[in-house]
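Coordinate inspection notes
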Amino acid sequence: MSGSVLYDAQGPRAKRRNVVYSIVFVLAFAVLAWWVYRSLDDKGQLDWVKWKPLLAGSEAWTTYILPGLKNTLIAAALSMVIALPLGAFFGIARLSDHAWVRVPAAVIVEFFRAIPVLILMIFGNALFAQYSDVGSDDRPLYAVVTGLVLYNASVLAEIVRAGILALPKGQAEAGQAIGLRKTQIMTSILLPQAVTAMLPAIVSQLVVIVKDTALGGAILTFPELLAAVNPMSSFYGANTIACFTIVALIYVVLNFSLTSFASWLEGRLRRGKKSTGAVLPPAAVAGAEAAGAAV
């Protein structure tokens with residue numbers, strides 16, 4: 001039987017058509033890449049003088065890029081550390097049997113999940129300016145972290161709730177059958193299994209946190225990585241393309257490192273839950289039974 005359960009095997013005409021489509025796409029992409037290259041070259045954006053400060057010197061890195069990267073990492077790390085446990089708390093609270101816990105948690109999660117993170121940052125900046133003693137230098141960091149925590153904690157709460165609900169009901173019923181309380185079932189049975197399934201979605205949200213720190217630089221003058229492009233480009237002679245390229249590559253490395261670590265952690269968790277598959281000899285089983293009977 002030819003073909004697959006998911007799709008039928010392609011015939012000769014379909015194969016030729018797909019080859020033609022592939023060739024057309026490659027040619028169109030090559031033409032677009034050549035047009036971009038020529039446009040940048042005609043405007044002098046590919047000249048070595050534009051890239052030299054970033055590739056052949058350290059002044060641009062120590063003055064602009066590394067301080068901006070440091071602020072990005074600080075804001076992202078603080079947001080992750082606060083948003084993860086807060087999201088887990090509200091996600092579990094939405095599953096409570098008590099309406100006085102479940103309903104307020106649902107209202108809070110849905111409210112902050114519906115508001116754009118940029119509005120939350122602006123609101124946080126105004127709040128700290130009027131009702132706190134936070135200085136003007138530290139206020140953008142506080143506002144960025146506040147906006148990121150409120151929004152991403154609500155999204156993470158939905159991820160946690162969906163991950164727990166995706167587990168078979170028999171898991172909770174088995175815990176109830178042996179007399180475990182709901183808290184014990186949640187912490188000992190449901191959460192350990194749900195974490196592995198939720199990990200890709202959680203990491204995707206953490207990547208969003210890293211990228212959304214750039215909103216603080218665009219609106220609240222938070223000196224993060226992307227905000228370093230304008231002063232750096234102005235100082236080194238309008239090398240905007242070079243500056244944006246280097247900053248974009250740094251973001252790619254950051255996010256790729258985060259997702260790679262998550263993939264490694266997910267694989268480790270999955271391997272840790274698998275049985276070794278070793279078959280015990282009858283003598284070992286008999287010895288274990290005898291030891292149990294003696295106890």
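Shown above is the structure to which this text applies.
Source: prediction; values computed, not measured.

Cut-offs applied
- Residues numbered from 1 in each chain as written.
- Predicted model: local features only at pLDDT ≥ 70, side-chain atom pairs only at ≥ 80, totals over all residues.
- Heavy atoms only, no water.
- Axes fitted to C-alpha atoms, helices over the stretch in contact; angles between N-to-C directions.
- Helix = DSSP H or I, 4+ residues; strand = E, 2+ residues; numbered from the N terminus.
- Left-handed = near helix turned anticlockwise from the far one by under 90°.
- Core = buried A, V, L, I, M, F, W, Y, C linked by side-chain atoms within 4.5 Å.
- Buried < 20%, exposed > 50% of the residue type's maximum accessible area, 1.4 Å probe, protein only.
- Contact = heavy atoms within 4.5 Å.
- 1 Å grid on protein atoms, 1.4 Å probe; cavity = no way out; pocket = protein on both sides within 12 Å on 5 of 7 lines; lining within 4 Å.
- Points joined across faces, edges and corners; volume = space filled by probe spheres on them.
- Nonpolar A, V, L, I, M, F, W, Y, C, P; charged D, E, K, R; others polar.

**A closer look at the packing of helix α3 (residues 59-93) against helix α6 (residues 139-165)**
- At a closest axis distance of 6 Å, the pairing of α3 and α6 adopts a crossing angle of 40°. The way α3 lies across α6 gives a crossing that is right-handed.

**A few points about the nonpolar core**
- Judged by nonpolar contacts, the single largest core of 49 residues is most densely connected at Leu54, Ile65, Val144, Ile164, Leu190, Leu225 and Met232.
- Among the secondary structure elements, those contributing two or more residues to this core are α2 (48-55), α3, α5 (117-131), α6, α8 (182-219), α9 (229-235) and α10 (240-273).
- Among all residues touching Leu190, those that are not within four sequence positions of it are Ile164, Leu167, Gln171, Ala172 and Ile185.
- Ala93, Ala105, Val109 and Ala157 belong to the second largest nonpolar core, which has five residues in total.

**Let's talk about the environment of Asp138**
- With respect to the element layout, Asp138 can be found in the loop between α5 and α6.
- According to the relative accessible area criterion, Asp138 is partly exposed, its value standing at 43%.
- Considering only alpha carbons, one finds Asp138 and Phe128, 10 residues apart in sequence, at a separation of 9.9 Å.

**Things to note about the layout of surface pockets**
- Roughly 300 Å³ of internal volume is contained in the largest pocket.
- Every residue lining the largest pocket is counted, 13 residues in all, and those nearest its centre are Ile164, Leu165, Ala172, Lys182 and Leu190.
- Looking at the lining of the largest pocket, the elements that each hand over two or more residues are α6, α7 (169-177) and α8.
- The space that makes up the second largest pocket amounts to roughly 220 Å³.
- Surrounding the second largest pocket, Ile92, Leu95, Ser96, Asp97, His98, Lys182, Thr183, Met186, Thr187 and Leu191 form its lining.
- Ranked by residue count, the leading element in the lining of the second largest pocket is α8, at five residues.
- Class assignment for the residues of the lining of the second largest pocket results in four nonpolar, four polar and two charged.

None of this, on its own, says anything about what the molecule does.
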